[in-house]
Amino acid sequence: MPSFVRTHATEVSLLGVIIAICAVLSVTTANFFSLGNAFDLLNISSVNIIFAVGLLVVLIAGGIDISFAVAASVVQYGTAIALGWIGGGGWVSGLLIAGSIGVLLGAVNAFLIHRFRVISIVATISTFNIYFGLLMFFTKGVSIYDLPDWLTERVVLFEREMPDGTWIEITLPVLVMAICVIATWVLITRTTTGRQLYAFGDNPEGARRFGINIGAMQFIAFGWLGLMAGIGGLIQAHYAQEVVPNALYGRELDVLAAVVLGGARLGGGKGSVLGCVLGVLLISITQNGLNLMGVSPFAFKMIIGAIILVAITLSNTSIERLLPFLTQKGTGR
């Protein structure tokens, strides 16, 4: 057991914090501890989890990207326009278009970083403003409500009526999220490319000397995040049943906080899909609890800032220094 805790210290800690917060909220709020609220949290968190697993790959590779949420907004508009050109399309064509646009936008970031040796955070701050400025300029901030029926029709995978008359349900975003999570887990843990991404993020110079293609690593990492941004953007349009230019604006900080809180190191070479998902759920649970308690949404922004600060501090401090007992072998020794 101690070795398991050492290996999965971040995930175990996050799970413990989530359980503690849920216990407190179940006492302090009337509706938190219900199956309906839990299912709602899962449905609402799906898009952020899709974004988060994409960002995780970039952080593992030693980069950082804050433009993905705006890129997802660009994808929404681009996909809606393209679908109009082809007469409506369907889920297959929609995902292909959205994924392709997302990968292209991610590749732009990778090109700037690799070709011009621009620091990733500087490059993505630039593209963040460029993407959003172009989107608002060409759309004039006008939302799109005339979407294909297949995109706006709610797809319920599971539903059940509870004794109190309320309904619980799992919708399509949860299925898409699960596929993206599994695909990311396979990429980073079961492929040679995943091992190279970890190696590159942990020691770029050593990876270069070992023969790893640095350019390929950057294009794969940012391209994967672009793909997840594209899919997440389309799923957000499906969930909201509309395309709003600034609907995802600002979400990048929430997702970044969750991924870093989940154990991804800003310096690269570290991070897990499970920790990433738990980080997003912790943020969502905290926000949901504060809403049920009637706390101002501005307080949540302060909490997000504190979470980022604490997560970065912990990511630069070894778990053994924080929890000395974890290094002990056996009980009572």
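Quick look at the structure, then.

Definitions and cut-offs
Residues numbered from 1 in each chain as written. Predicted model: local features only at pLDDT ≥ 70, side-chain atom pairs only at ≥ 80, totals over all residues. Heavy atoms only, no water. Salt bridge = Lys/Arg side-chain N within 4 Å of Asp/Glu carboxyl O. Helix = DSSP H or I, 4+ residues; strand = E, 2+ residues; numbered from the N terminus. Buried < 20%, exposed > 50% of the residue type's maximum accessible area, 1.4 Å probe, protein only. Axes fitted to C-alpha atoms, helices over the stretch in contact; angles between N-to-C directions. Parallel < 35°, antiparallel > 145°, perpendicular 65-115°, else oblique. Left-handed = near helix turned anticlockwise from the far one by under 90°. Contact = heavy atoms within 4.5 Å. Phe/Tyr/Trp six-rings, centres within 6.5 Å; stacked < 30°, edge-to-face > 60°. Lys NZ or Arg CZ within 6 Å of the ring centre and 35° of its normal.

1. Concerning the pattern of salt bridges
Across all of its chains, the model carries 5 salt bridges by this definition. Among the ionic pairs, glutamate 205 bridges to arginine 208, the shortest N-O distance being 2.7 Å. Remark: arginine 208 and glutamate 205 occur in helix α10 (residues 204-209); sequence separation between them is 3 residues, near one turn of the helix. We classify glutamate 205 as partly exposed; its relative accessible area is 37%. On the accessibility criterion, arginine 208 (42% relative accessible area) is partly exposed. The partner of lysine 301 in a salt bridge is aspartate 254, and the shortest N-O contact between them spans 3.9 Å. You can see lysine 301 sitting in helix α14 (residues 297-315) and its partner aspartate 254 sitting in helix α12 (residues 251-261), a full 47 residues away along the chain. The partly exposed category is assigned to lysine 301, whose relative accessible area is 48%. Residue classification places aspartate 254 among the buried positions, given a relative accessible area of 12%. One connected set of salt bridges, linked through shared partners, spans Glu205, Arg208 and Arg209.

2. Let's talk about the packing of α12 against helix α13 (residues 273-292)
When two helices pack together, their arrangement is captured by the angle between the axes and the distance separating the axes. Interaxial distance between α12 and α13 falls to 7 Å at its minimum, and their mutual angle equals 130°. Looking at the two axes, α12 sits oblique to α13. Helix-helix and strand crossings are classified by hand; for α12 and α13 the assignment is right-handed. Within the contact between the two elements, α12 uses Asp254, Ala258, Val259 and Leu261 and α13 uses Cys276, Gly279, Val280, Leu282 and Ile283.

3. With respect to the packing of aromatic side chains
Overall, the coordinates contain 7 aromatic pairs when judged by the stated rule. Note on phenylalanine 132 and tyrosine 249: the rings are 4.6 Å apart at their centroids and 40° apart in plane angle, and the pair reads as tilted. You can see phenylalanine 132 sitting in helix α6 (residues 120-139) and its partner tyrosine 249 sitting in the loop between α11 (214-240) and α12, a full 117 residues away along the chain. By the ring-pair criterion, three or more aromatic residues cluster together here, those being Phe128, Phe132 and Tyr249. The side chain of arginine 115 reaches across the aromatic face of phenylalanine 116, ending 5.6 Å from its centre.

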